[in-house]
Amino acid sequence: MNPSPFLQVKGLTRRYGGVAALDGVTLDLARGQVTGLIGPNGAGKTTLLNALTGLARPESGTVLLEGENVTGLPAHVMAGKGVVRSFQIVRELASLTVFETLLAAPPAQSGETVAGALFGRRKWWAQERANADLARALLERVGLVKLADQPSAMLSGGQKKLLEMARALLMKPRLILLDEPGAGVSPPLRLEIVRLVRELKAEGLSFGIVEHDMHLVEEVCDHVHVLAQGRALVSGTFAEATADPRVVSAYLGVA
Ligand code: ATP
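- By the naming in an unreviewed UniProt entry, the chain is ABC transporter ATP-binding protein, taken from Xanthobacter flavus.
- Its UniProt record gives the chain the following Sequence similarities (unreviewed entry) comment, quoted word for word: "Belongs to the ABC transporter superfamily."

Have a look at this one:
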């Protein structure tokens, strides 16, 4: 039996100047599963994550969350509905301790308006005290609790990825969208990330993962969508999708 769709994307478009970053993307993310979003550079994967989390407003198309139309809702509203994406630990945060970085308001929990930004931040800070206990538990969970008082700048690439995941988890998501969790990660921490994703999935969390590391995709994803030139080209298991000649062509740049 197929799992019910948690998030449905229908005909989503978003242009930047003359470039169609999303050119009518249609795909589903299943509840309780790990869905890989793969494809060559510039395929539109990050733009799709942004469009699903209120950071890039789609020009047309629809996003349904459990059947509810959530198209173009700002980031803090999407987060409130349980849809959260991970953000890189940017340089400004690296001067904070690991614990402070975890608690710092995520960027653009606001959508694209100033009013939204103010609302999102006020709400976040009001919750900060309540978040502190959860933050400690999350640091424990991702294996960074011993580094809580160290500057984030000290963290390795993999530790930063784990902290990014903890920051997303602090929002208590139901669907978590990860942008390249395996990039710049050493083998032991890569194992840790795989373990964590599997464990969270077993607890009922749904995932969408943008990733270029095909071994990681194969290890954790139940299903993949291959994007190319702003469109969803092929869907299936990792083995099915990567065996498809259209996917091979897209990666070779001849699609
Ligand atoms: P990669 O795997 O290289 O990260 P991607 O699949 O995530 O690529 P996107 O980053 O979504 O692709 O980019 C899709 C297209 O949209 C690219 O041609 C990119 O240059 C363009 N694009 C994305 N964001 C912007 C922006 N803010 N301004 C202008 N062009 C953009």
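1. Quick look at unusual backbone geometry
So, point 1. With a phi angle near 50°, Lys-172 is a residue other than glycine that sits in the positive phi range.
So, point 2. By the element assignment, Lys-172 lies in the loop between α6 (157–169) and β7 (175–179).
So, point 3. Relative accessible area serves as the criterion here: at 61%, Lys-172 is assigned to the exposed category.
So, point 4. Its identity as a non-glycine residue notwithstanding, Gln-229 has a phi of 50°, on the positive side.
So, point 5. Mapped onto the fold, Gln-229 is located in the loop between β9 (223–228) and β10 (231–236).

2. Quick notes on the pattern of salt bridges
So, point 1. The tally for this structure, following the rule as stated, stands at 14 salt bridges.
So, point 2. One salt bridge in this structure joins Arg-195 and Glu-199, with 2.5 Å as the shortest N-O distance. Here Arg-195 pairs with Glu-199, and both are found in helix α7 (residues 187–202), just four residues apart, close to one helical turn.
So, point 3. Linking Asp-222 and Lys-201 is a salt bridge whose minimum nitrogen-to-oxygen distance equals 2.8 Å. Of this pair, Asp-222 sits in the loop between α8 (214–220) and β9 while Lys-201 sits in helix α7, and the two are 21 residues apart along the sequence.
So, point 4. What makes Lys-201 partly exposed here is its relative accessible area of 27%.

3. Here we look at the packing of α6 against α7
Packed helices, taken two at a time, are described by the angle their axes make and the gap between the axes.
So, point 1. Packing of α6 against α7 brings their axes to within 9 Å, and their N-to-C directions diverge by 20°. Here α6 is positioned roughly parallel relative to α7, judged by the angle of their axes. The element α6 and its partner α7 pack so that their crossing is left-handed. Residue-level inspection shows Gly-158, Gln-159, Lys-161, Leu-162, Met-165 and Leu-169 of α6 in contact with α7, the latter providing Leu-189, Glu-192, Ile-193, Leu-196, Val-197 and Leu-200.
So, point 2. Residues of the contact of α6 with α7, tallied by class, amount to eight nonpolar, two polar and two charged.

4. As for the side chain of Thr-35
So, point 1. Assignment of secondary structure puts Thr-35 in strand β3 (residues 34–38).
So, point 2. Residue classification places Thr-35 among the buried positions, given a relative accessible area of 1%.
So, point 3. When sequence neighbours within four positions are dropped, the list of residues in contact with Thr-35 reads Asp-28, Leu-29, Ala-30, Phe-207, Gly-208, Ile-209, Cys-221, His-223 and His-225.

5. A few points about helix α10 (residues 245–252)
So, point 1. The N-cap of α10, judged by a side-chain oxygen 2.8 Å from the amide nitrogen of Arg-246 a few residues on, is Asp-244.
So, point 2. With its phi angle positive at about 80°, Gly-253 sits one or two positions after the end of α10.

6. Describing the site of the ligand
So, point 1. Surveying the vicinity of the ligand reveals the residues Tyr-16, Val-19, Ala-21, Pro-40, Asn-41, Gly-42, Ala-43, Gly-44, Lys-45, Thr-46, Thr-47 and His-212.
So, point 2. Take Asn-41: an N or O atom from its side chain is 2.9 Å from an oxygen atom of the ligand.
So, point 3. At 2.7 Å from an oxygen atom of the ligand is found a side-chain nitrogen or oxygen belonging to Lys-45.
So, point 4. Protein contacts shield 59% of the accessible area of the ligand, which totals 630 Å² for the unbound molecule.
So, point 5. Mapped by element, the contributors of at least two residues to the shell around the ligand are β2 (19–30) and α1 (45–52).
So, point 6. The element best represented in the shell around the ligand is α1, accounting for three residues.
So, point 7. Class assignment for the residues of the shell around the ligand results in five nonpolar, six polar and one charged.

Rules and cut-offs
- Residues numbered from 1 in each chain as written.
- Predicted model: local features only at pLDDT ≥ 70, side-chain atom pairs only at ≥ 80, totals over all residues.
- Heavy atoms only, no water.
- UniProt positions renumbered as here; feature names shortened; annotations may be inferred.
- Helix = DSSP H or I, 4+ residues; strand = E, 2+ residues; numbered from the N terminus.
- Buried < 20%, exposed > 50% of the residue type's maximum accessible area, 1.4 Å probe, protein only.
- Salt bridge = Lys/Arg side-chain N within 4 Å of Asp/Glu carboxyl O.
- Axes fitted to C-alpha atoms, helices over the stretch in contact; angles between N-to-C directions.
- Parallel < 35°, antiparallel > 145°, perpendicular 65-115°, else oblique.
- Left-handed = near helix turned anticlockwise from the far one by under 90°.
- Contact = heavy atoms within 4.5 Å.
- Nonpolar A, V, L, I, M, F, W, Y, C, P; charged D, E, K, R; others polar.
- Polar contact = N/O pair within 3.5 Å; in protein donor to acceptor, adjacent residues only side chain to side chain.
- Near = heavy atom within 4 Å.
- Areas by Shrake-Rupley, 256 points an atom, 1.4 Å probe, with all protein chains shown as cover.

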